[in-house]
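Analysis of the macromolecular model
The residues making up each chain are set out below.
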Amino acid sequence: FPVTIGVFVVEGEESRTWTSVVTVYAKIEAVSAREYFESKILGSQISHRVTIRHLDVVEPNKWRILWGNRVLEIEGVMDPDGKNQWLEMMCVEKR
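To start, this report covers the structure provided alongside it. (Residues numbered from 1 in each chain as written. Predicted model: local features only at pLDDT ≥ 70, side-chain atom pairs only at ≥ 80, totals over all residues. Heavy atoms only, no water.)

**Focus on the pattern of salt bridges**
Threshold: Counted as salt bridges are all cases of a side-chain nitrogen of Lys or Arg within 4 Å of a carboxyl oxygen of Asp or Glu. Only DSSP runs of H or I reaching four residues or more are called helices, and only runs of E reaching two or more are called strands; each is numbered from the N terminus. Whether a residue is buried, partly exposed or exposed follows from its accessible area with a 1.4 Å probe, protein chains only, as a fraction of its type maximum: under 20%, in between, or over 50%, in that order.
If you walk through the whole model with that rule in mind, you get four salt bridges. With a closest N to O distance of 3.7 Å, E29 and R49 form a salt bridge. Taken together, the residues span a long stretch of sequence, with E29 in strand β3 (residues 27-30) and R49 in strand β4 (residues 48-53) at a distance of 20 residues. Relative accessible area serves as the criterion here: at 27%, E29 is assigned to the partly exposed category. Across the pair E93 and R70 runs a salt bridge, and its minimum N-O distance is 2.8 Å. Of the two residues, E93 is situated in strand β7 (residues 86-94) and R70 in strand β6 (residues 70-78); the sequence distance between them amounts to 23 residues. Residue classification places R70 among the partly exposed positions, given a relative accessible area of 30%.

In structure tokens:
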């Protein structure tokens with residue numbers, strides 16, 4: 001699926017604006033029940049795993065993904081095979 005990845009730009013104490021950075025194809029999966037409950041224990045509520053080709057610029061807690069009309073906030077980022085080929089992002093869907 002094509003998704004848009006972008007960053008929130010802080011403008012003062014209360015104001016944040018969304019800036020689109022790149023549109024890429026992504027594999028989007030709902031996490032398993034086990035992963036969901038494990039993340040909840042750690043204080044998060046991970047709902048989706050998004051995999052894209054590696055990008056160096058993505059940072060958790062500052063970036064989000066637009067997937068159609070859905071918004072996924074990036075909570076964690078990892079390089080699953082350590083080869084800088086893929087980027088796996090653990091996300092929380094905002095409703």
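Having seen the structure, we can now continue with the description.
**Some points on the packing of aromatic side chains**
To be explicit about the condition: Only Phe, Tyr and Trp rings take part, Trp by its six-membered ring, and two of them pair if their centres are within 6.5 Å. Stacked means planes under 30 degrees apart, edge-to-face means over 60, and tilted covers everything else. Counting as a charge over the ring demands two things of the Lys NZ or Arg CZ atom: a distance within 6 Å of the ring centre and an angle within 35 degrees of the ring normal.
This structure, assessed with the given rule, holds zero aromatic pairs. Seen from the ring of W18, R64 lies directly overhead, with NZ or CZ sitting 4.0 Å from the centre.

**Regarding the nonpolar core**
As a reminder of what qualifies: Only buried residues count toward a nonpolar core. Its members are Ala, Val, Leu, Ile, Met, Phe, Trp, Tyr and Cys residues joined through side-chain atoms within 4.5 Å. Contacts: residue pairs with any heavy atoms within 4.5 Å of one another.
V3, I5, V50, I52, I65 and M89 are the most contacted members of the largest nonpolar core, which totals 17 residues. Among the secondary structure elements, those contributing two or more residues to this core are β1 (2-10), β4, β5 (63-67), β6 and β7. Once residues lying within four places of it in the same chain are set aside, the contact partners of V50 are A26, K27, I28, I65, L72, L87, E88, M89 and C91.

**Notes on the environment of L55**
Checked against the element boundaries, L55 lands in the loop between β4 and β5. Take L55: its relative accessible area is 23%, and that puts it in the partly exposed class. Taking C-alpha positions, L55 is 9.9 Å from D79, a pair spaced 24 residues apart along the chain.

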